[in-house]
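Letter by letter, the chains look like this.
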Amino acid sequence: MLMHQLLEHTARATPHRTALVTDGQRFTYAEVDARADTLAAALQHAGIEPGDRVATCLDNGLDAVVAIYGAMKCGAVLMAINPLTKRQRLAAVLNDARASVLVTHAGLLDEVGAALATNRSIHTCWVAGDAPPAGADPRCRPMPSTEPGGSPAPVPTTDQDLAALIYTSGSTGKPKGVMLSHLNMVSAARSVNAYLHLTADDVVFSALPHAYSYGLYQVLSTFMVGGTLVLERSFSFPVKVLQQMAKEGVTVFPGVPTVFARLLALKTLADHPVPTLRIITSAAAALPDVHIHGLRAAFPHARLYAMYGQTECKRVTYLPPEMLDERPGSVGRGMPNQEMWLEDEAGQRLPFGSTGELVVRGSHVMRGYWEKPEATARALRPGPYPGEMVLHSGDIFRTDSDGYFWFVSRKDELIKVRGEKVSPRDIENVLCAMPGVLEAAAIGCVDAVVGEAVKVFVALQPGHVLTERQVIQHCASRLETVMVPRHVVFVDELPKTDSGKIRKAGLV
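Residues numbered from 1 in each chain as written. Predicted model: local features only at pLDDT ≥ 70, side-chain atom pairs only at ≥ 80, totals over all residues. Heavy atoms only, no water.

**Topic: the overall build of the protein**
In step 1: A tally of helices and strands in the protein yields 13 helices and 27 strands.
In step 2: If you line up the protein on its principal axes, its C-alpha atoms span 65 × 55 × 50 Å.
In step 3: Out of the 508 residues belonging to the protein, those deemed buried represent 58%.
In step 4: Intrachain contacts of the protein at a sequence separation of at least 6 include 65% that bridge at least 24 residues.
In step 5: In the form shown here, the protein has an accessible surface area of approximately 21,100 Å², with 52% of it arising from carbon and sulfur atoms. (Helix = DSSP H or I, 4+ residues; strand = E, 2+ residues; numbered from the N terminus. Buried < 20%, exposed > 50% of the residue type's maximum accessible area, 1.4 Å probe, protein only. Contact = heavy atoms within 4.5 Å. Areas by Shrake-Rupley, 256 points an atom, 1.4 Å probe, with all protein chains shown as cover.)

**Comments concerning the pattern of salt bridges**
Oppositely charged side chains may form a pair once their charged atoms are brought near each other.
In step 1: Tallied over the full model, the rule gives 25 salt bridges.
In step 2: A salt bridge links R35 to E147; the nearest nitrogen and oxygen atoms lie 3.1 Å apart. Within this pair, whereas R35 is found in helix α2 (residues 29-45), its partner E147 is found in the loop between β7 (140-142) and β8 (162-167), the two being separated by 112 residues in sequence.
In step 3: For E147, a relative accessible area of 46% translates into the label partly exposed.
In step 4: Taking the shortest distance from any N to any O, the salt bridge between R98 and E371 comes out at 2.9 Å. Here R98 is found in the loop between α4 (87-97) and β5 (101-105), whereas its partner E371 is found in the loop between β19 (368-369) and α11 (373-379), with 273 residues between them in sequence.
In step 5: Taken together, the shared-partner salt bridges connect E8, D33, D37 and K73 into one network. (Salt bridge = Lys/Arg side-chain N within 4 Å of Asp/Glu carboxyl O.)

**Some details on helix α12 (residues 424-432)**
In step 1: The buried fraction of α12 is high, at eight of nine residues.
In step 2: By the burial criterion, the buried members of α12 are P424, R425, I427, E428, N429, V430, L431 and C432.

**Description of the nonpolar core**
In step 1: Membership of the largest hydrophobic core comes to 113 residues, with the highest contact counts inside it found for M185, F223, F253 and F299.
In step 2: Per-element tally for this core: the top contributor is helix α3 (residues 62-73), with nine residues.
In step 3: Setting aside anything within four residues of it in sequence, one finds F253 in contact with F205, F235, M245, V259, F260, L263, L277, I279, I280 and T281. (Core = buried A, V, L, I, M, F, W, Y, C linked by side-chain atoms within 4.5 Å.)

**What about the sheet that holds strand β27 (residues 487-491)?**
In step 1: One open sheet accounts for three strands, arranged β25-β26-β27; its pairing is mixed. The open sheet terminates on both sides in strands that have one partner only, identified here as β25 (437-447) and β27. Pairs of neighbouring strands in the sheet enclose a mean axial angle of 25°, with direction left out of account.
In step 2: For β25 and strand β26 (residues 451-460), the ladder comprises 10 bridges, and the chain directions are antiparallel. Along β26, the bridge assignment pairs G444 with V454. (Pairing = 2+ DSSP bridges. Axes fitted to C-alpha atoms, helices over the stretch in contact; angles between N-to-C directions.)

**Remarks on the environment of F405**
In step 1: Relative to the helices and strands, F405 resides in strand β22 (residues 405-410).
In step 2: Its relative accessible area of 4% is what places F405 among the buried residues.
In step 3: In this structure the C-alpha to C-alpha distance between F405 and G334, which are 71 residues apart in sequence, comes to 8.8 Å.
In step 4: Once you skip the residues sitting within four places of it in the chain, F405 turns out to touch S330, V331, G332, M340, L342, L358, F397, R398 and T399.

**Some thoughts on the side chain of K455**
In step 1: Position of K455 among the secondary structure elements: in strand β26.
In step 2: One buried charged side chain, K455, makes no salt bridge at all; its nearest oppositely charged neighbour is E468, positioned 9.5 Å away.
In step 3: With near-sequence residues (within four places) excluded, K455 lies in contact with A441, A442, I443, C445, H487, V489 and V508. (Lys, Arg positive; Asp, Glu negative; His and termini not counted.)

**Description of the side chain of S409**
In step 1: Structurally, S409 is set in strand β22.
In step 2: Exposure remark for S409: the relative accessible area of 1% places this residue in the buried category.
In step 3: Look past the residues within four positions of S409 in its chain and what remains in contact with it is D395, I396, L414 and P424.

**Comments concerning the packing of aromatic side chains**
What characterises a pair of aromatic rings is the spacing of the ring centres plus the angle enclosed by the ring planes.
In step 1: Enumeration according to the criterion identifies 12 aromatic pairs in this entry.
In step 2: Look at F397 and F407: their rings are 5.4 Å apart centre to centre, the planes differ by 75°, and that puts the pair in the edge-to-face class. Here F407 lies in strand β22 and F397 lies in strand β21 (residues 389-399), a separation of 10 residues in the sequence.
In step 3: Given a relative accessible area of 21%, F407 falls into the partly exposed group.
In step 4: Counting every residue linked through ring pairs, the aromatic cluster contains F205, F235, F253 and F260.
In step 5: The ring of Y369 has K176 sitting right over it, with the charged end atom 5.0 Å from the ring centre.
In step 6: We note R349 situated over the ring of W341; from NZ or CZ to the ring centre the distance is 3.8 Å. (Phe/Tyr/Trp six-rings, centres within 6.5 Å; stacked < 30°, edge-to-face > 60°. Lys NZ or Arg CZ within 6 Å of the ring centre and 35° of its normal.)

**So, the environment of M483**
In step 1: Looking at the secondary structure, you find M483 in the loop between α13 (468-476) and β27.
In step 2: Among the residues examined, M483 registers a relative accessible area of 10% and is labelled buried.
In step 3: Residues M483 and R333, 150 residues apart in the sequence, show an inter-C-alpha distance of 27 Å.

**Digging into the environment of R349**
In step 1: Here R349 shows up in the loop between β17 (339-343) and β18 (355-361).
In step 2: R349 sits 10 residues away from V359 along the chain, and the two C-alpha atoms are 9.2 Å apart.
In step 3: What R349 contacts, discounting residues up to four positions off in sequence, is E339, W341, L342, E343 and P384.

**Describing the packing of helix α6 (residues 182-196) against helix α7 (residues 213-225)**
In step 1: Two numbers describe how α6 lies on α7: the axes approach to 10 Å, and their chain directions differ by 75°. With respect to their mutual orientation, α6 and α7 come out roughly perpendicular. Of α7, the residues touching α6 (which contributes N184, M185, V186, A188, A189, R190 and N193) are L216, Y217, L220, S221, M224 and V225.
In step 2: Looking at the contact of α6 with α7 residue by residue, the class counts come to nine nonpolar, three polar and one charged. (Parallel < 35°, antiparallel > 145°, perpendicular 65-115°, else oblique. Nonpolar A, V, L, I, M, F, W, Y, C, P; charged D, E, K, R; others polar.)

**Focus on the packing of helix α9 (residues 257-264) against helix α10 (residues 289-298)**
In step 1: The interhelical angle for the contact between α9 and α10, taken along N-to-C directions, is 55°, at an axis separation of 10 Å. When the axes of α9 and α10 are compared, the pair comes out oblique. The way α9 lies across α10 gives a crossing that is left-handed. On α10, the residues that touch P257, F260, A261, L263 and L264 of α9 are H291, G294 and L295.
In step 2: When grouped by side-chain class, the residues that make up the contact of α9 with α10 number six nonpolar, two polar and no charged. (Left-handed = near helix turned anticlockwise from the far one by under 90°.)

Given below as structure tokens:
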């Protein structure tokens, strides 16, 4: 089964069911599928062949959803790019992938035009919305109509072919293009749907960018089961979002820690209930314990799933909601249809109750990094069976005796103080529980006395004031001595990746 065939199957089975609610409009499965067919035919007419990269730089909305499936229907490789991406990164990604077609919005042409100036692989840039202004790059032209009416020519596609090329957020280094086949993506979506028990009756809300896997899979997973997706451009206006969720009877709310932090800081949160909500999911980064307690109090009827995953394999673990109190801070155990374990630095598998690097095995594991054989060789290594490769995640976890997992740190983010390895996550958890703290990040910095010391960056909630001394005293009363920060920096906002993760590479 191919990724776009799952949409086609749903469209045949329930053509008149509402698939998408966005920008005040509603679209059925038959309409979305037919529009994707029209775009796929237009892509073929523009010269796109199987395997070519079709890039999208679009806000969440109908055009983005149609482009996702239109690219796949003609055998192309989807390459979704966050519309907030600046010209330098945009140019680098387009050049690295040698994309052939770019689909974007007229309002983004300042950045897109600058990126195109240094690109030679793009032969067509379709602009949705207003026509390209005079003086725009000659490759820019109005996007063809996606009104139902066209059909693409059949292409010989198998589940081993690439479906998408997703660039990592670059939270710790230079972004890499993660190659995902149809098999990878279908397997991941099916496994996630299995443990969340998504059905056609679910109404899924998403303000997550479809340019990274967590946001993209809200579209793919919802359409796989025939549910309804309520798509917003952003989470900039939380009250408006909550009102929309209540109006549409949303049952599933996926988010990231930065979104939940903003939501829980709302003084009027209790005035905007969402009584139909049954599931909240959190991924992309570890969810501080204080946010878990806040979300459960704000939405008492919803089950909260703390999850862990990587672009390289979409999802790895989830913690059943009934285990939140019994195993606070855990990201649970493995999802269906995969195997996972920890290894030490010598590559030996570790028993439960150990700390080591996470290794993941399954059909959801990526094909590799686009044209980066050395990076691929570090991440994908021979597995237990001849011919298979398993993913070495680069993330350090610890397990308890029952096999539940706790995230410790990225391997390259561990802080070594007086010879002891310190987890930034443990420090950040304590900081986020401090009254007045909106979000925090801990890193290691050079120290003349101990070699490396803990340095924390703290963003405060509006109207709150804290001192460096107060932060250090708070940590000293709750953490071991080696974990207490020696340096505190207050910032208005922490730098973020496109996917909402805190970009520690930007902290010094």
